[in-house]
Amino acid sequence: GDSVTQMEGPVTLSEEAFLTINCTYTATGYPSLFWYVQYPGEGLQLLLKATKADDKGSNKGFEATYRKETTSFHLEKGSVQVSDSAVYFCALSVAGGYNKLIFGAGTRLAVHP
Amino acid sequence: NAGVTQTPKFQVLKTGQSMTLQCAQDMNHNSMYWYRQDPGMGLRLIYYSASEGTTDKGEVPNGYNVSRLNKREFSLRLESAAPSQTSVYFCASIVQGKNTEAFFGQGTRLTVV
């Protein structure tokens with residue numbers, strides 16, 4: 001079945017470091033891919049998305065490129081801030097019927113000054 | 001803009017007690033979902049409602065029932081709570097189609113003792 005695999009956390013970085021959180025997926029059909037972010041005590045918020053191969057989603061300095069050949073959607077940011085500390089979820093949605101969002105396990109990011 | 005509103009935010013139940021988690025959205029979306037979030041397991045789909053008047057089981061439906069009262073409201077009921085249902089519950093309202101996007105409530109933290 002459809003699934004999402006994320007790198008395990010927690011990821012601990014110093015401020016201004018480079019961030020990569022790996023995400024790979026398995027899906028029938030042609031999924032849309034998403035990154036959601038969850039700040040402490042809050043629900044999930046959409047961070048960025050890509051709907052077809054080679055698309056790049058970007059928001060707030062974060063980027064991810066839809067790589068069909070490697071079935072990946074890795075999240076990157078060139079210079080993280082303390083305010084980026086959160087849990088990041090990779091997700092997919094396969095078109096056809098009613099779209100259900102399938103989430104990875106989440107990766108906790110902690111950024112220290 | 002309220003978006004998705006969940007109540008209550010916190011609840012402690014004794015084993016065997018029942019309760020209903022309420023969810024309402026004001027975005028006129030057809031689809032609504034209930035997820036549970038457990039450490040290391042990401043979000044797992046409990047039930048979803050593709051449109052008013054329809055509900056379907058997700059990945060982990062056992063021990064739960066749902067009601068799609070109208071287009072705005074989608075409630076989740078625990079008839080006889082068990083410690084295994086201790087979790088954080090999220091309701092989401094989802095835009096279907098090519099621009100699929102989920103909007104989440106702030107969550108209900110439920111503890112069953």
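Here, every reference points to the structure presented above.
Residues numbered from 1 in each chain as written. Chains lettered and ligands numbered in written order. Predicted model: local features only at pLDDT ≥ 70, side-chain atom pairs only at ≥ 80, totals over all residues. Heavy atoms only, no water.

Chemist: Break down the sheet that holds strand β8 (residues 74-78) of chain B for me, with residues and values.
Modeler: All names here are of chain B. An order of β1-β3-β8-β7 is seen for the four strands of this open sheet, with the pairing classed as antiparallel. Edge strands, defined here as strands with exactly one partner in the open sheet, are β1 (4-7) and β7 (64-68). Here the average twist between neighbouring strands, direction ignored, is 15°. Here five bridges tie β7 to β8, and the two strands are oriented antiparallel to one another. Each residue of the ladder has a partner; that of tyrosine 64, found in β8, is leucine 78. (Pairing = 2+ DSSP bridges. Helix = DSSP H or I, 4+ residues; strand = E, 2+ residues; numbered from the N terminus. Axes fitted to C-alpha atoms, helices over the stretch in contact; angles between N-to-C directions.)

Chemist: An account of the pairing of strand β5 (residues 31-38) of chain A is requested, with residue identities and associated values reported.
Modeler: Residues and elements named next belong to chain A. Within β5, eight of the eight residues are buried, leaving the element largely enclosed by the surrounding structure. Neither face of β5 is open: one carries Pro31, Leu33, Trp35 and Val37, the other Ser32, Phe34, Tyr36 and Gln38, and all of them are buried. Bridge count for β5 against strand β10 (residues 86-94) is eight bridges, and the pairing is antiparallel. The residue bridging tyrosine 36 from the neighbouring strand is phenylalanine 89, located in β10. (Buried < 20%, exposed > 50% of the residue type's maximum accessible area, 1.4 Å probe, protein only.)

Chemist: Let's hear about the side chain of A:Thr107: which residues, and what values?
Modeler: Residues and elements named next belong to chain A. Its location among the elements puts threonine 107 in strand β12 (residues 107-112). By relative accessible area, which is 0% here, threonine 107 ends up buried. Among the polar contacts listed, one links the side chain of threonine 107 to the side chain of glutamine 6, at a separation of 3.0 Å. Of note is the side chain of threonine 107, whose polar atom sits 2.7 Å from the backbone oxygen of methionine 7. Excluding residues that lie within four positions of it along the chain, threonine 107 makes contacts with Gln6, Met7, Gly9, Val11, Ile21, Ala86, Val87 and Tyr88. (Polar contact = N/O pair within 3.5 Å; in protein donor to acceptor, adjacent residues only side chain to side chain. Contact = heavy atoms within 4.5 Å.)

Chemist: For the pattern of salt bridges, give the residues involved together with the corresponding values.
Modeler: By the definition in use, this model includes six salt bridges over all chains. One salt bridge connects A:Asp84 with A:Lys77, and the closest N-O pair in it is separated by 2.7 Å. Judged by its relative accessible area of 9%, A:Lys77 is buried. When the shortest N-O distance is used, the salt bridge between B:Asp38 and B:Arg44 registers 2.8 Å. For the pair shown, B:Asp38 and B:Arg44 are each scored as buried. Because the salt bridges share partners, they merge into one network encompassing B:Arg36, B:Asp38 and B:Arg44. (Salt bridge = Lys/Arg side-chain N within 4 Å of Asp/Glu carboxyl O.)

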